[in-house]
Number of protein chains: 2
Amino acid sequence: MLQKTPTKGMRDFLPGEFSIRKQVLESIIATYEKHGFLQIETPAVENLQLLNSKQGGDNEKLIYKILKRGEKFEEAIENGGELCDLGLRYDLTVPLARFYSNNRGKLPAVFKAIQTDYVWRADRPQRGRYRQFRQCDMDIIGDGSTLAEIELITATADALYQLGFDDTVIRVSDRRLLSAIANKCQFDQEDHEKVFIILDKLDKIGIKGVLEEISAFAPDKAESFVNLLMEITASSDPLNKTFEALGDYLDEKTKASLTEILSVCKTTTKAQVVFDVKLVRGMNYYTGTIYEISLSGLDISVAGGGRYDQLIGKISGTPAPACGFSIGFERIVLLLTERKYKFAQKEKTALVFSGSNDLADIMKVAQHLREKTDVCVVKRAKNFAYQVQQLKEEGFSTIYRYENQQLVKID
Amino acid sequence: MLQKTPTKGMRDFLPGEFSIRKQVLESIIATYEKHGFLQIETPAVENLQLLNSKQGGDNEKLIYKILKRGEKFEEAIENGGELCDLGLRYDLTVPLARFYSNNRGKLPAVFKAIQTDYVWRADRPQRGRYRQFRQCDMDIIGDGSTLAEIELITATADALYQLGFDDTVIRVSDRRLLSAIANKCQFDQEDHEKVFIILDKLDKIGIKGVLEEISAFAPDKAESFVNLLMEITASSDPLNKTFEALGDYLDEKTKASLTEILSVCKTTTKAQVVFDVKLVRGMNYYTGTIYEISLSGLDISVAGGGRYDQLIGKISGTPAPACGFSIGFERIVLLLTERKYKFAQKEKTALVFSGSNDLADIMKVAQHLREKTDVCVVKRAKNFAYQVQQLKEEGFSTIYRYENQQLVKID
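Note that the structure is predicted; figures quoted are calculated from it, not measured.

Caption draft 1: Region of the structure containing the state of the cysteines. The tally for this structure, following the rule as stated, stands at 0 disulfides over all chains. Note on A:Cys323: no disulfide assigned, nearest cysteine sulfur contributed by A:Cys265 at a separation of 11 Å. Of all cysteine sulfurs, the one in A:Cys323 lies closest to B:Cys376, which takes part in no disulfide; the gap is 14 Å.

Caption draft 2: Examining the sheet that holds strand E14 (residues 374–379) of chain A more closely. Residues and elements named next belong to chain A. Strand order in the open sheet formed by 4 strands is E14-E13-E15-E16, with mixed pairing between adjacent strands. Each end of this open sheet is capped by a strand with a single partner; those strands are E14 and strand E16 (406–410). On average, each strand axis in the sheet is inclined to that of its neighbour by 25°, with strand direction left out of account.

Caption draft 3: How the structure looks around the packing of aromatic side chains. For the coordinates displayed, the defined rule picks out 12 aromatic pairs over all chains. With a centroid separation of 6.3 Å and an interplanar angle of 20°, the aromatic rings of A:Phe99 and A:Phe111 are classed as stacked. Of this pair, A:Phe99 sits in helix H4 (residues 93–103) while A:Phe111 sits in strand E5 (residues 111–115), placing them 12 residues apart in sequence. Exposure class is identical for A:Phe99 and A:Phe111. Each is buried. Ring centres of B:Tyr291 and B:Phe325 lie 4.7 Å apart, and the angle between their planes is 45°; on these two criteria the pair is classed as tilted. Note that B:Tyr291 is positioned in strand E10 (residues 289–295) and B:Phe325 in strand E12 (residues 322–328), a separation of 34 residues in sequence. You'll find B:Tyr291 and B:Phe325 in the same group, each marked buried. Grouping aromatic residues by their ring pairs yields a cluster made of A:Tyr285, A:Tyr286 and A:Tyr308. The lysine or arginine in question, A:Lys270, covers the ring of A:Tyr161, its NZ or CZ lying 4.5 Å from the ring centre. The residue whose ring lies beneath B:Arg11 is B:Tyr130, and the NZ or CZ to ring-centre distance is 3.3 Å.

Caption draft 4: Focus on the sheet that holds strand E16 (residues 406–410) of chain B. Residues and elements named next belong to chain B. The sheet built from 4 strands is open, its strands ordered E14-E13-E15-E16 with mixed pairing. Strand pairing shows two members of the sheet lacking a second neighbour, strand E14 (374–379) and E16, which therefore form its edges. Within this sheet the neighbouring strands show an average axis-to-axis angle of 25°, counted without direction. When strand E15 (residues 398–403) meets E16, the two strands line up antiparallel, connected through 5 bridges. When the bridges of E16 are listed, Tyr-400 appears paired with Lys-409. Packed on one face of the sheet, helix H14 (residues 359–369) meets strand E13 (348–353), E14, E15 and E16 and runs near 160° to E13.

Caption draft 5: View of the interface of chain B and chain A. Listed per partner, the contact involves 93 residues of chain B and 93 residues of chain A. Three residues stand out in chain B for area buried against chain A, namely B:Leu2, B:Lys34 and B:Glu41, and they jointly supply 9% of the buried area on that side. Run the count over chain B and chain A and you get 6 salt bridges. In this structure, A:Arg98 and B:Asp12 form a salt bridge, with 2.7 Å as the shortest nitrogen-oxygen distance. Ranked by the residues each element gives to the side of chain B that touches chain A, the list is headed by helix H1 (residues 15–34) of chain B, at 6 residues. Among the residues forming the side of chain B that touches chain A, the class breakdown is 43 nonpolar, 23 polar and 27 charged.

Caption draft 6: Geometry of the relation of the copies chain B and chain A. Overlay of chain B on chain A (RMSD 0.0 Å): rotation 180°, translation along the axis 0.0 Å. Such a turn and shift between the copies fits a two-fold axis. Among all residues of chain B, the minimum C-alpha distance to the rotation axis is found for B:Ile66, at 2.2 Å. Most of the interface of chain B is mirrored in chain A, where 100% of its interface residues again form contacts.

Caption draft 7: Up close: the packing of helix H1 (residues 15–34) of chain A against helix H5 (residues 146–162) of chain A. All names here are of chain A. Relative to each other, H1 and H5 sit at 140°, their axes nearing to 9 Å. Between H1 and H5, the crossing angle belongs to the class labelled oblique. The crossing of H1 and H5 is right-handed. Residue-level contacts link Ser-27, Thr-31 and Tyr-32 of H1 to Ala-155, Asp-158, Ala-159 and Gln-162 of H5.

Caption draft 8: Region of the structure containing a negative patch on the surface. Judged by side-chain charge, A:Glu71, A:Glu74, A:Glu75 and A:Glu78 come together as a negatively charged surface patch. With respect to the secondary-structure elements, A:Glu74 resides in helix H3 (residues 70–79).

Caption draft 9: Representation of helix H7 (residues 192–200) of chain A. All names here are of chain A. Along H7, the positions that sit buried rather than exposed are His-192, Val-195, Phe-196, Ile-198 and Leu-199. The arc that holds every buried residue of H7, seen down its axis, measures 160°, which confines them to one face. Looking at the buried residues of H7, the elements they touch are helix H6 (175–184), helix H8 (202–215) and helix H9 (219–234).

Caption draft 10: Fine view of the pattern of salt bridges. Scanning the model with the defined rule gives 51 salt bridges over all chains in all. Between A:Glu33 and B:Lys346 there is a salt bridge; the shortest N-O distance is 2.7 Å. Separated into two different chains, A:Glu33 in helix H1 and B:Lys346 in the loop between helix H13 (329–338) and E13 make up a pair that spans both. The exposure class assigned to B:Lys346 is partly exposed, which follows from its relative accessible area of 47%. Where A:Arg281 meets A:Glu292, a salt bridge forms, and the shortest distance between an N and an O atom there is 2.9 Å. Here A:Glu292 lies in strand E10 (residues 289–295) and A:Arg281 lies in the loop between strand E9 (272–275) and E10, a separation of 11 residues in the sequence. With relative accessibility at 12%, the residue A:Glu292 sits in the buried group. Members of the salt-bridge network, linked through shared partners, are A:Arg171, A:Asp276, A:Lys278, A:Arg281 and A:Glu292.

Reading the values: the criteria
- Residues numbered from 1 in each chain as written.
- Chains lettered and ligands numbered in written order.
- Predicted model: local features only at pLDDT ≥ 70, side-chain atom pairs only at ≥ 80, totals over all residues.
- Heavy atoms only, no water.
- Disulfide = S-S within 2.5 Å.
- Pairing = 2+ DSSP bridges.
- Helix = DSSP H or I, 4+ residues; strand = E, 2+ residues; numbered from the N terminus.
- Axes fitted to C-alpha atoms, helices over the stretch in contact; angles between N-to-C directions.
- Phe/Tyr/Trp six-rings, centres within 6.5 Å; stacked < 30°, edge-to-face > 60°.
- Buried < 20%, exposed > 50% of the residue type's maximum accessible area, 1.4 Å probe, protein only.
- Lys NZ or Arg CZ within 6 Å of the ring centre and 35° of its normal.
- Contact = heavy atoms within 4.5 Å.
- Buried area = accessible area lost by both parts, 1.4 Å probe.
- Salt bridge = Lys/Arg side-chain N within 4 Å of Asp/Glu carboxyl O.
- Nonpolar A, V, L, I, M, F, W, Y, C, P; charged D, E, K, R; others polar.
- Least-squares fit on C-alpha atoms with pLDDT ≥ 70 in both.
- Parallel < 35°, antiparallel > 145°, perpendicular 65-115°, else oblique.
- Left-handed = near helix turned anticlockwise from the far one by under 90°.
- Patch = residues over 30% accessible without salt bridge, like charges linked within 9 Å, V, L, I, M, F, W, Y side chains within 5 Å.
- Areas by Shrake-Rupley, 256 points an atom, 1.4 Å probe, with all protein chains shown as cover.
- Lys, Arg positive; Asp, Glu negative; His and termini not counted.
- Charge placed at Lys NZ, Arg CZ, Asp CG, Glu CD.
- Arc of directions from axis to C-beta.

Structure follows, in structure tokens:
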């Protein structure tokens with residue numbers, strides 16, 4: 001006998017679960033399309049060279065690697081070379097950058113992409129975190145202006161609103177602003193990334209933890225960094241407080257971009273839109289604006305993204321400005337289920353027949369009923385009353401009995 | 001710079017290609033649902049123990065295997081053990097059997113499943129054959145009667161008919177009938193599988209090739225086997241000719257089942273339904289009826305399946321009768337494209353604005369237009385006439401220009 005359960009961290013979806021997931025997915029895609037985005041698709045498997053190109057932060061450690069085959073494998077074993085040259089994608093952004101590099105000539109000058117596919121990460125499974133999970137990404141490639149961020153934030157907020165999330169908070173910041181803070185606090189350039197990674201853990205380790213961890217390698221700078229953060233977050237106008245505090249460390253372009261994105265998105269979304277100096281976002285590829293959506297009162301991020309103007313150039317040699325926003329599909333489904341969201345139930349009819357009937361005759365009756373609704377042909381069980389009850393529980397809104405060439409509707 | 005093309009044998013799908021594939025998929029699913037089937041899903045990754053359980057025939061040689069990680073990997077290296085314990089599924093039937101074993105208590109007594117997912121095979125890529133490709137499977141588990149085969153054949157024929165294939169031929173046979181032929185020709189039991197594998201290559205190697213290959217190990221039986229086949233196929237009533245020729249070698253149940261399936265399906269489908277003694281089907285798991293759909297005049301199979309009553313018992317210890325039918329999605333898409341099938345074009349509007357506009361204002365106009373249609377916001381290019389032409393080519397049926405707070409429709 002073999003193991004019946006799915007492999008660790010992965011899931012089977014029963015018809016009821018599948019139907020819920022499909023409805024959520026279709027709703028998100030419909031909203032994205034309304035905002036002028038187009039669906040595309042890339043394969044689940046990519047070359048490891050691409051996946052391991054140091055864009056994915058810690059996620060690169062979680063890649064499922066695929067064993068080489070045939071001669072390539074034997075060669076690798078003989079020469080002690082790499083055993084794998086392919087892997088499962090850990091996100092949809094790195095494959096999108098490859099896709100764009102590959103198909104640039106066939107795409108509009110400003111390309112607005114939708115991807116709603118699975119990604120795989122060999123992460124430690126825990127509640128709501130899986131090893132195969134779906135992401136719903138929108139990306140705009142070829143637009144370096146703030147219009148891109150504004151469209152992405154507007155469309156993502158709209159997608160969540162259409163699913164009944166009327167309590168979202170959109171937090172916005174900019175990687176360049178984080179760099180300006182690090183510069184102002186006199187951190188060595190090589191320590192910047194380390195500082196951001198620690199700041200990113202603020203939720204988990206608290207401000208004291210941040211202070212301690214940074215003190216470990218930059219004891220003279222840690223306190224001024226933490227003080228600056230606390231000063232900004234305590235302010236009634238944190239954005240202008242930040243601009244003031246950073247002075248010339250922050251360029252005018254970043255200031256103007258952040259100001260415009262925040263002010264326009266306040267008019268285009270029904271969500272609360274705030275500047276959040278503590279926002280970091282884990283991926284290495286971000287270069288400018290970064291943003292996240294969470295639910296008011298809950299410390300749960302449901303969507304995140306940012307600008308990554310360098311990634312496409314790194315892959316193809318020809319740069320293109322780009323930014324994206326990704327909805328955490330699995331979390332959204334979990335929240336909707338918890339919130340008892342009203343999912344639609346499809347009309348279904350059961351046609352119960354007894355053994356004495358000719359199958360050609362039954363199939364003809366079923367075919368006739370199918371002109372109007374989905375029909376499942378079912379053999380009559382011995383305990384008919386119990387069978388009818390079961391069929392109702394399975395979601396059949398209409399049940400017919402067919403016997404002696406008579407079609408009778410069961411109440 | 002990194003490789004821009006997808007990994008060998010796999011594909012990127014541009015928006016136009018994606019839209020075609022989505023329409024085909026949605027049409028197939030809608031027909032399957034009309035026939036009372038329900039969508040489910042299993043993960044792409046399964047335990048290698050399941051995938052390598054000798055059910056998949058030659059496909060087991062084509063499995064993409066996933067490298068073990070962490071301690072498990074180090075242990076394998078140290079002890080010279082297996083490097084992999086997971087793999088990508090090569091079909092949807094073996095995972096379905098595991099799914100059913102795992103979830104049996106939560107499913108209807110007769111479970112009618114739809115799966116329309118990707119599978120992976122490290123096959124030699126060639127025209128129309130890919131290493132990641134989609135299959136559209138229907139399966140009925142828990143029904144050992146011919147109703148299951150009849151429903152599957154009816155629904156699959158309907159799905160193809162809905163896509164405009166009005167020239168399909170459904171070929172039906174039975175594995176038990178093949179066994180009876182092998183017995184009648186006195187082949188050793190252990191040679192049966194070999195004989196069937198050779199017969200399965202008839203299209204490629206011709207009847208002479210079959211004779212030669214079988215003669216290599218059973219020279220005294222090869223001729224009578226080939227003669228019997230030729231006699232049957234030359235007959236005007238091959239089914240009854242077969243029954244006559246096989247006499248007691250074939251049991252009454254198999255005869256009745258084949259006769260009923262053929263006669264009922266002639267009334268439930270618009271396709272040509274024929275008995276084909278030469279039909280084999282590659283998978284090891286088939287135990288009874290087998291069937292294939294091809295297009296009249298073309299030697300291309302577009303769907304295939306059969307009964308596999310042993311598979312679930314092998315996985316879970318508790319047997320259940322089962323049969324399935326799988327549409328070769330990639331081939332269908334290719335044929336529809338070649339046949340210039342009329343795919344729907346979605347209504348799309350472009351809203352072109354010039355730089356002088358306030359973004360909040362533009363977004364408000366876009367939001368208003370979105371109440372009726374999908375809207376893409378586009379910055380005005382220097383050469384506006386060329387831009388309009390490009391937008392039309394990209395499929396925008398309506399184009400507006402927004403300037404000085406005026407919305408003007410472009411013809």
